[in-house]
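The lines below spell out each chain.
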Amino acid sequence: MAESHRLASLGMLASGFSHELNTPLATVLTCVEAILRDATEAQDATHDAFEQAWRKWSTLRDPARFEPWFDRILVNTCRDRLRSTRRQATDISAEVAMTAGDPFGQANDRDLLANAIAGLSPDHRVVVALRYYRDLPVEEIASRLGIPAGTVQSRLHYALKRLHASIGTADGKGTIR
């Protein structure tokens, strides 16, 4: 009897969890990839975030606030991975593409931007990813990260300034294509 009760509770939990998860996986992965700059690492981080959200489902007080709650878990998972002391393989694809002469300018621009984002601090990467990959307004980013909107605006300002300088230098012409 207790086992059937436990299974029924688990079924209700799974139903509630899957119902609240409205954000498409592709959107989540795109955001996480922008922060971590590694597709495999992004998949692992996304999996870890979903697993942690599942385990902590009972701590969610208001199901209507699931998405901000989950985004906080996702961002913290990314931050933990960025802070980890594990050695990561260095991506040299940009250098190879420059040497080989990439005939696809759009791919080169995408790589240039991705490398510039990878050069940002974790805090700057997070706000850029939430703003431009998740298309969240400044106030929503501030709410999800638990920081003032002015701090989000400041981080965006300095991140964009650094991106502009980085891309301008990498472009060799000082201009953005």
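As a starting point, this report considers the structure included with it. (Residues numbered from 1 in each chain as written. Predicted model: local features only at pLDDT ≥ 70, side-chain atom pairs only at ≥ 80, totals over all residues. Heavy atoms only, no water.)

Inspection of the entire model under this criterion finds 12 salt bridges. Between Asp123 and Arg155 there is a salt bridge, with its nearest N and O atoms 3.9 Å apart. Remark: Arg155 occurs in helix α9 (residues 149-171) and Asp123 occurs in helix α7 (residues 122-133); sequence separation between them is 32 residues. The exposure class assigned to Asp123 is partly exposed, which follows from its relative accessible area of 30%. Residue Arg155 is classed as buried on the basis of its relative accessible area, which comes to 18%. Three or more residues are tied together by salt bridges with common partners; here these are Glu67, Asp71, Arg134, Glu140 and Arg144. (Salt bridge = Lys/Arg side-chain N within 4 Å of Asp/Glu carboxyl O. Helix = DSSP H or I, 4+ residues; strand = E, 2+ residues; numbered from the N terminus. Buried < 20%, exposed > 50% of the residue type's maximum accessible area, 1.4 Å probe, protein only.)

Here helix α2 (residues 25-36) crosses helix α4 (residues 66-83) at 30°, and the two axes come no closer than 10 Å. On the basis of the axis angle, α2 is roughly parallel to α4. For the pair α2 and α4, the crossing hand works out as right-handed. For the pair α2 and α4, the contacting residues are Val28, Val32, Ile35 and Leu36 in the first and Phe70, Leu74, Cys78, Arg81 and Leu82 in the second. Counted by class, the contact of α2 with α4 contains eight nonpolar, no polar and one charged residues. (Axes fitted to C-alpha atoms, helices over the stretch in contact; angles between N-to-C directions. Parallel < 35°, antiparallel > 145°, perpendicular 65-115°, else oblique. Left-handed = near helix turned anticlockwise from the far one by under 90°. Contact = heavy atoms within 4.5 Å. Nonpolar A, V, L, I, M, F, W, Y, C, P; charged D, E, K, R; others polar.)

Over its 18 residues, α4 extends 26 Å from the first C-alpha to the last, a length consistent with the 26 Å expected when each residue adds 1.5 Å. Here α4 has its buried residues at Phe66, Pro68, Trp69, Phe70, Asp71, Ile73, Leu74, Val75, Thr77, Cys78, Arg79 and Arg81. (Expected span 1.5 Å × (residues − 1).)

Within the secondary structure, Arg81 sits in helix α4. Once the C-alpha coordinates of Arg81 and Glu41 are considered, the two residues, 40 residues apart in sequence, prove to be 8.3 Å apart. Here Asp48 takes part through its side chain, which lies 2.4 Å from a polar atom of the side chain of Arg81. (Polar contact = N/O pair within 3.5 Å; in protein donor to acceptor, adjacent residues only side chain to side chain.)

Moving on: unusual backbone geometry. The backbone phi angle of Arg37 is positive, close to 65°, even though this residue is not glycine. Residue position: Arg37 is located in the loop between α2 and α3 (39-55). Relative accessible area serves as the criterion here: at 25%, Arg37 is assigned to the partly exposed category. For Asp135, which is not glycine, the phi torsion reads 60° and is therefore positive. Locating Asp135 in the fold gives a position in the loop between α7 and α8 (138-145).

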